[in-house]
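This is what each chain is made of:
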Amino acid sequence: MELLPRSPAEFGSARYWDRFFRQRGQRPFEWYGAFPELCPVLHKYVRPRDKVLVVGCGNSELSEQMYDVGMCQDIVNIDVSDAAVRQMRERSASTRPGMSYLLMDMLHMDFPDAHFQVVLDKGTLDALLTDEEEATLAKVEQMFAEISRVLQVGGRYLCVSLAQAHVLKKAVEYFSQEGWVVRVHQVASSGDKQQFVLPVFVYVMTKFRKVPGSAARILEICPEEQDRPLRVESAERLLAAVKDRQHYALLCSQISKTPCREQVSLDLCDRESGKPRYTLHVVDSPSVKPSRDNHFAIFIIPQGRETEWLFGTEEGRRQLAASAGFGRLLTVALHREQLYEGMAAIQAELSEKVMELAPPGLPARQQVPFLSVGGDIGVRAVRHRGSSALSGDFVVEDVKGDGSCYFRRLIFLQNRNVVQSEARLLAPTPLPGQKKKRKDKKKPSPTEPPGAIDKSYLCCEHHKAMVAGLCLLGGPDALPGELAVLVVGLGGGSLPLFVHDYFSQAHVAVVEIDPSMLEVATRWFGFCQGERMQVHVCDGLDYVAKLAAEAPAQYDAIMFDVDSKDLTVGMSCPPPAFVEEPFLQKVKTILKPEGVFVLNLVCRDAQLKELVLGALRAVFPLLYARRIQGEVNEILLCQAGPVGQRSPVELGARARALEGALRQPGRPWDSSYVLADMLQAVLVL
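Residues numbered from 1 in each chain as written. Predicted model: local features only at pLDDT ≥ 70, side-chain atom pairs only at ≥ 80, totals over all residues. Heavy atoms only, no water.

Draft legend 1. Quick look at the side chain of D514. Structurally, D514 can be placed in the loop between β20 (506-512) and α14 (515-524). Since its relative accessible area comes to 2%, D514 is described here as buried. Apart from the residues within four sequence positions on either side, D514 is in contact with S388, L390 and S391. (Helix = DSSP H or I, 4+ residues; strand = E, 2+ residues; numbered from the N terminus. Buried < 20%, exposed > 50% of the residue type's maximum accessible area, 1.4 Å probe, protein only. Contact = heavy atoms within 4.5 Å.)

Pasting the structure below:
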């Protein structure tokens with residue numbers, strides 16, 4: 001028995017529907033949207049005394065169910081299929097006196113103007129608007145015009161639809177231009193994903209008198225998880241919001257049936273602002289043997305730690321999932337713009353939503369654990385928000401790291417998953433003879449700064465490797481003497497500060513193109529200028545070019561730690577112009593014969609990286625590389641003078657000697673600084 005039409009156009013044919021209902025028989029045909037799912041939305045917009053018109057009723061049970069539960073008992077149903085109308089009359093004639101069925105074309109209705117308070121359409125618009133041909137669009141406009149004619153002012157057109165993009169766009173554009181209020185409800189799912197994957201929507205178009213000359217439109221969306229509508233500013237935004245929910249439904253359906261081969265990422269947004277509140281990653285571990293208790297777990301990443309390798313990279317999350325021992329781990333990152341009351345509140349907020357991302361085979365009523373580091377959600381306090389013409393919006397924030405340490409970070413919001421600069425904060429210490437304050441029962445506020453900047457600590461592993469590279473200067477067993485160092489790229493200033501403080505005879509010149517960064521480094525990261533530390537606010541390209549022309553061979557060490565603002569290039573550090581061969585020749589010109597050029601390279605494009613290495617080799621005969629474990633950063637140490645190639649073992653020995661010279665009595669030195677380790681793993685390129 002063939003029930004499908006030969007072409008989409010047949011959906012608008014009375015002959016097709018007569019054949020369809022005769023062949024199907026008495027069994028009710030529901031396109032989508034069961035009454036229990038639709039009932040909460042219909043109850044909001046259908047009042048018991050309303051006169052309701054159902055267009056394209058077919059043999060659906062919807063109007064019968066509305067009548068039987070007392071939602072409304074004055075319902076007129078129309079359809080172009082004589083077979084469907086006769087069926088429905090037989091079913092309701094004796095039991096539902098307020099229900100009538102008429103053979104009528106909704107494009108040419110016989111009802112007087114303003115006759116109904118509600119027009120209900122379940123799938124009829126979807127069936128009619130199968131394409132965007134001129135003839136089809138003309139029929140749809142005729143349908144809308146007739147609905148508008150028979151509805152009273154204040155009446156509602158309720159359209160149950162799958163919200164295909166072209167269908168929703170046409171409906172929203174037509175009725176919003178007529179001055180109607182347009183609201184789109186997502187219908188709560190029954191949970192039966194096997195029956196129908198795509199979400200069902202109800203368009204609620206409320207008729208208002210059109211005000212001449214008024215361009216104001218009221219467009220709203222009601223997600224399934226909330227009753228209060230959200231206002232959107234344009235039809236495009238409304239369509240995009242619906243599309244996001246359709247994609248989410250398809251994703252949930254897919255990963256509920258099969259394991260994820262690749263990690264899936266999605267944002268859950270705040271209901272009020274529409275901004276991301278949680279970022280979720282779905283990580284499946286095929287190596288984990290499933291048992292009743294290890295199918296699924298949720299891992300809350302502590303605030304401020306989402307950029308760490310374990311949480312911020314695919315490989316790290318994969319390792320986290322495997323070590324946690326669950327077949328599917330859902331990691332949850334918290335956003336700095338949002339407020340969170342604690343683990344219990346987050347669990348209550350997410351518990352229903354995360355179950356939509358559960359793996360196949362999860363036992364019914366299985367309790368899913370929420371995990372974290374130390375059982376809390378961490379601490380994040382935003383100290384400063386700013387904006388720069390060069391760097392865009394940025395924040396300075398204090399976060400609690402692993403253990404009891406706090407760190408201050410600079411984040412550029414255009415690349416919010418990358419820590420631009422970081423410094424450790426010193427814990428407050430009582431003055432000599434000062435007694436410790438009695439512990440207050442009230443918890444300290446996380447917005448109180450834990451202390452000043454610890455200038456002796458380099459948070460970034462690539463900064464440690466850059467400092468270790470200075471062992472190429474001076475003799476094999478001695479600290480380099482008086483040094484002239486150029487650092488291009490200030491950031492928070494931790495690298496030039498460390499060189500200034502630990503190389504007591506070093507004169508450091510820093511070049512920074514963005515004046516906002518100098519202000520941030522000075523105010524928030526303890527940076528200060530002095531006799532041996534000067535900052536030049538200008539373009540590093542121009543500064544080096546000018547020196548090459550006027551004052552060659554003046555620096556013992558040149559360090560490039562400058563980020564690229566162009567996120568479309570596969571190299572985020574440095575900008576491509578800094579590693580082109582003509583410019584590298586200028587770098588060599590201002591470097592002393594036995595000096596060292598230290599470059600922080602962050603390049604994900606393998607082909608581009610080879611071009612960079614080729615340009616470096618053409619200028620600097622000696623080239624060493626130190627890859628930073630767990631990061632994309634690679635530190636390149638370049639020399640052009642007659643110093644000869646050194647083995648990794650020799651480099652390690654020189655770094656050990658440098659470390660010994662830097663460790664002076666009374667000067668703080670972190671035990672994690674093992675400069676020799678930084679260079680024993682070096683590669684000679």
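Picking up after the structure, the text goes on.
Draft legend 2. Expanded view of unusual backbone geometry. Here the residue pair C573 and P574 is connected by a cis peptide bond, since its omega of -5° sits within 30 degrees of zero. Mapping P574 onto the fold places it in the loop between β23 (571-573) and α16 (581-590). Residues other than glycine seldom take positive phi values, yet A114 does so here, at roughly 50°. Inspection of the secondary structure assignment puts A114 in the loop between β3 (99-103) and β4 (116-122). Located in the positive-phi region is A553, a residue other than glycine, with phi close to 50°.

Draft legend 3. Structural view of the sheet that holds strand β17 (residues 406-412). Reading across the sheet, the four strands line up as β15-β16-β17-β18 and stay open at both edges, with antiparallel pairing between neighbours. Edge positions in the sheet fall to β15 (380-388) and β18 (419-425), since each has one partner strand and no second. Strand after strand, the sheet turns through a mean of 15° between neighbouring axes, direction not considered. (Pairing = 2+ DSSP bridges. Axes fitted to C-alpha atoms, helices over the stretch in contact; angles between N-to-C directions.)

Draft legend 4. Quick peek at the pairing of strand β24 (residues 591-603). When you tally the buried positions in β24, you get ten out of 13 residues, the bulk of the element. Here strand β22 (residues 555-560) pairs with β24 via five bridges, running parallel. Bridging from a neighbouring strand, A557 pairs with V596 of β24. Where β23 and β24 come together, two bridges link them in antiparallel fashion. Within β24, the position partnered with C573 by the bridge is V602. Relative to strand β26 (residues 633-639), β24 runs antiparallel, the two sharing six bridges.

Draft legend 5. Representation of the packing of helix α7 (residues 165-177) against helix α8 (residues 235-257). Running from amino to carboxyl end, α7 crosses α8 at an angle of 145°, the nearest separation of the two axes being 10 Å. Where α7 crosses over α8, the two elements pack in a sense that is right-handed. For the pair α7 and α8, contact is made by A165, L168, K169 and V172 and by A235, L238, L239 and V242, respectively. Counted by class, the contact of α7 with α8 contains seven nonpolar, no polar and one charged residues. (Left-handed = near helix turned anticlockwise from the far one by under 90°. Nonpolar A, V, L, I, M, F, W, Y, C, P; charged D, E, K, R; others polar.)

Draft legend 6. A look at helix α6 (residues 134-150). Under the 1.5 Å per step criterion, the end-to-end length of α6 is 25 Å for 17 residues, consistent within 8% with the ideal 24 Å. Buried positions along α6 lie against β1 (52-55), β4, α5 (124-128), β5 (151-161) and α7. (Expected span 1.5 Å × (residues − 1).)

Draft legend 7. Looking closely at the pattern of salt bridges. Inspection of the entire model under this criterion finds 31 salt bridges. For the salt bridge of D113 with R149, the shortest nitrogen-to-oxygen distance reads 2.8 Å. Here the residue D113 occupies a position in the loop between β3 and β4, and R149 occupies one in helix α6, the gap between them amounting to 36 residues. For D113, a relative accessible area of 54% gives the class exposed. Its salt-bridge partner being R408, residue D398 comes within 2.7 Å of it at the nearest N-O pair. Of this pair, D398 sits in strand β16 (residues 392-400) while R408 sits in strand β17, and the two are ten residues apart along the sequence. Each of the two residues, D398 as well as R408, counts as buried. Sharing partners across several salt bridges, the network here consists of E64, D68, R91 and R96. (Salt bridge = Lys/Arg side-chain N within 4 Å of Asp/Glu carboxyl O.)

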